[in-house]
Amino acid sequence: MNAGRALQILGLVLLPLGLFYGFEGGPNAMSLELGFLAAGAAVFLIGLRLQRRGGG
């Protein structure tokens with residue numbers, strides 16, 4: 001598996017982690033949920049860019 005594909009999978013895994021933490025309702029749940037959303041999207045897009053370049 002190349003690095004671009006691995007980053008895409010990691011990005012897709014971060015999204016439900018944030019969602020589950022939001023359901024848990026801990027302190028700052030909404031901020032952390034949005035943080036996981038942003039991090040997952042960023043990691044996914046970096047992986048997509050690497051995969052399209054063929055460098056990963």
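Preceding this section is the structure that the text describes.
Here's a quick rundown of the structure. Quick caveat: nothing in here was measured; it's all calculated off a predicted structure.

This part covers the environment of Ile9. Topologically, Ile9 is positioned in helix H1 (residues 3–24). Of the residues examined, Ile9 reaches a relative accessible area of 41% and is grouped as partly exposed. Residues Ile9 and Leu34, 25 residues apart in the sequence, show an inter-C-alpha distance of 19 Å.

This paragraph deals with a nonpolar patch on the surface. On the surface, a nonpolar cluster with roughly 490 Å² of combined accessible area is contributed by Leu12, Leu15, Met30, Leu34 and Leu37. Sorting elements by how many residues they give to the nonpolar patch places helix H2 (residues 29–53) first, with 3 residues. As for its placement among the helices and strands, Leu34 is situated in helix H2.

Moving on, we get to the environment of Pro27. Residue position: Pro27 is located in the loop between H1 and H2. For the pair formed by Pro27 and Leu14, sequence separation is 13 residues and the distance between their alpha carbons is 19 Å. Apart from residues lying up to four places away in sequence, Pro27 is in contact with Tyr21 and Leu32.

It is worth spelling out H1 at this point. For H1, which comprises 22 residues, the first-to-last C-alpha distance of 32 Å matches the rise-based estimate of 32 Å (1.5 Å per residue) to within 8%. For H1, the complete set of buried residues consists of Gly4, Gln8, Gly11, Leu14 and Gly18. Within H1, the buried residues cover an arc of 110° as seen down the axis, which keeps them to one side. The exposed set on the far side of H1, more than 90 degrees from its buried face, consists of Leu12, Phe20, Phe23 and Glu24. Positive backbone phi, at 75°, marks Gly25, one or two positions downstream of H1.

Here the focus is the environment of Ala29. Tracing the backbone shows Ala29 in helix H2. The exposure class assigned to Ala29 is buried, which follows from its relative accessible area of 11%. It is 21 Å that separates the C-alpha atoms of Ala29 and Leu10, two residues lying 19 residues apart in sequence. When neighbours within four sequence positions are excluded, Ala29 is seen to be in contact with Tyr21 and Gly22.

The rules behind the values
Residues numbered from 1 in each chain as written. Predicted model: local features only at pLDDT ≥ 70, side-chain atom pairs only at ≥ 80, totals over all residues. Heavy atoms only, no water. Helix = DSSP H or I, 4+ residues; strand = E, 2+ residues; numbered from the N terminus. Buried < 20%, exposed > 50% of the residue type's maximum accessible area, 1.4 Å probe, protein only. Patch = residues over 30% accessible without salt bridge, like charges linked within 9 Å, V, L, I, M, F, W, Y side chains within 5 Å. Areas by Shrake-Rupley, 256 points an atom, 1.4 Å probe, with all protein chains shown as cover. Salt bridge = Lys/Arg side-chain N within 4 Å of Asp/Glu carboxyl O. Contact = heavy atoms within 4.5 Å. Expected span 1.5 Å × (residues − 1). Arc of directions from axis to C-beta.

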